[in-house]
Amino acid sequence: MFSDVRSVHFVGIGGTAMASVAAALKHRGLAVTGSDQGVYPPMSTFLAEQGIEVMSGYAEQNLALKPDLVVIGNAISRGNPEAEFALDHKLRYCSLPELLKEFFLRGKRSIVVAGTHGKTTTTSLLAWVFEHSGLNPGFLIGGLPANFGQGARFTDSPWFILEGDEYDTAFFDKRSKFVHYLPEVAVLNNLEFDHA
């Protein structure tokens, strides 16, 4: 689906998952840009270390080069100048979960950790168990675990371990993010009436 993509712009790049995936795409040789408001450590530091410049604030001119793909974060609403520019100019756009599904998850054995509490910890522990078992898993963790030094890793392993939350995917896709993650195994920690 995205085989012809060479340049990607992330609207809302300061989120843990957005920044981690942006870095992974840059490592694959794609041109990566991003914008956000008020990016702060640890993600501002991480993006700087990855050589990804963050444009401060949202503006139409951030998309002047018309990238091949615009990834719109779930914190972005209608009325955002970059989202509106992408829509008005019919640029190809998608959500982060859709990007993950099409770029990294198809054909993988996906383990998705869900629940109200402990998703990040459980996903980190599970990825570390797979790592120590020599399985070299890909992973997406909603934080920066010290033992890996990054919140996402994309490998050739058939295993991919993800933290899956129930938040909306994007303003144009109100399904939960984890619906896109193609789980072979779902780990459900615990449930509380939360994020109703």
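Computed from a prediction, not measured in an experiment: that's the story for all the values here.

### Description of the overall build of the protein chain
And then number 1: A tally of regular secondary structure across the protein chain gives 5 helices and 12 strands.
And then number 2: A globule of 196 residues ought to have a C-alpha radius of gyration of about 16 Å, and the protein chain, at 16 Å, matches this closely.
And then number 3: Referenced to the eigenvectors of the C-alpha coordinate spread, the extents of the protein chain come out at roughly 45 × 35 × 35 Å.
And then number 4: When burial is assessed residue by residue, the protein chain has 49% of its 196 residues classed as buried.
And then number 5: Taking contacts inside the protein chain between residues at least 6 apart in sequence as the whole, the part at least 24 apart equals 60%.
And then number 6: On the protein chain, roughly 9,500 Å² of surface is accessible, and the fraction owed to carbon and sulfur atoms is 52%.
And then number 7: When the 16 basic and 21 acidic side-chain charges of the protein chain are each reduced to a single mean position, those positions are 6 Å apart.

### Section: the pattern of salt bridges
And then number 1: With the rule as written, the count across this model stands at 8 salt bridges.
And then number 2: With a closest N to O distance of 2.6 Å, Arg109 and Glu184 form a salt bridge. Residue Arg109 is located in strand β6 (residues 109-114), and its partner Glu184 is located in strand β12 (residues 183-188); the two are separated by 75 residues in the primary sequence.
And then number 3: Judged by its relative accessible area of 44%, Glu184 falls in the partly exposed class.

### Topic: the sheet that holds strand β4 (residues 69-72)
And then number 1: The 5 strands are arranged β3-β2-β1-β4-β5 in an open sheet whose pairing can be described as parallel. In this open sheet, the two edge strands, each paired with only one partner strand, are β3 (54-56) and β5 (93-94).
And then number 2: Examined bridge by bridge, strand β1 (residues 7-11) and β4 share 4 bridges and lie parallel to one another. Bridging from a neighbouring strand, His9 pairs with Val70 of β4.
And then number 3: Against the sheet, helix α1 (residues 16-27) makes contact with β1, β2 (31-36) and β4, and its axis sits at roughly 170° relative to β1, the strand it touches most.

### Quick notes on the environment of Asn74
And then number 1: Following the sequence through the fold, Asn74 ends up in the loop between β4 and α3 (81-88).
And then number 2: Exposure remark for Asn74: the relative accessible area of 36% places this residue in the partly exposed category.
And then number 3: Spatially, the C-alpha atom of Asn74 lies 20 Å from that of His89, the residues being 15 residues apart in sequence.
And then number 4: In this structure Asn74 touches Tyr167, Asp168, Thr169, Ala170 and Lys177, once residues within four positions along its chain are discounted.
And then number 5: Of the polar contacts made by the side chain of Asn74, one reaches the backbone oxygen of Asp168; its length is 3.4 Å.

### Looking at the sheet that holds strand β7 (residues 138-140)
And then number 1: Spatially, β8-β7-β9-β6-β12 is the arrangement adopted by the 5 strands of the open sheet, whose pairing is mixed. If you trace the sheet from one side to the other, it starts and ends with β8 (152-153) and β12, each paired once.
And then number 2: Of the pairings in the sheet, the one linking β6 to β12 comprises 5 bridges and is parallel in character. Looking at β12, one finds that Ser110 is bridged to Pro183.
And then number 3: Most of the contacts of helix α5 (residues 119-132) go to strand β9 (residues 159-163), to which it runs at about 165°, and overall it touches β6, β7, β8, β9 and β12.

### As for the packing of aromatic side chains
Aromatic rings considered in pairs are described by the distance between their centres and by the relative angle of their planes.
And then number 1: All told, the structure shown has 8 aromatic pairs when counted by the stated rule.
And then number 2: Between Trp128 and Phe148, the aromatic rings sit 5.1 Å apart at their centres with planes inclined by 80°, giving edge-to-face as the arrangement. Within this pair, whereas Trp128 is found in helix α5, its partner Phe148 is found in the loop between β7 and β8, the two being separated by 20 residues in sequence.
And then number 3: Residue class for Phe148 comes out buried when judged on its relative accessible area of 15%.
And then number 4: These aromatic residues form a ring-pair network of at least three members: Phe103, Phe104, Phe154 and Phe160.

Procedures and definitions
- Residues numbered from 1 in each chain as written.
- Predicted model: local features only at pLDDT ≥ 70, side-chain atom pairs only at ≥ 80, totals over all residues.
- Heavy atoms only, no water.
- Helix = DSSP H or I, 4+ residues; strand = E, 2+ residues; numbered from the N terminus.
- Rg over C-alpha atoms; globule rule 2.2 N^0.38 Å.
- Buried < 20%, exposed > 50% of the residue type's maximum accessible area, 1.4 Å probe, protein only.
- Contact = heavy atoms within 4.5 Å.
- Areas by Shrake-Rupley, 256 points an atom, 1.4 Å probe, with all protein chains shown as cover.
- Lys, Arg positive; Asp, Glu negative; His and termini not counted.
- Charge placed at Lys NZ, Arg CZ, Asp CG, Glu CD.
- Salt bridge = Lys/Arg side-chain N within 4 Å of Asp/Glu carboxyl O.
- Pairing = 2+ DSSP bridges.
- Axes fitted to C-alpha atoms, helices over the stretch in contact; angles between N-to-C directions.
- Polar contact = N/O pair within 3.5 Å; in protein donor to acceptor, adjacent residues only side chain to side chain.
- Phe/Tyr/Trp six-rings, centres within 6.5 Å; stacked < 30°, edge-to-face > 60°.

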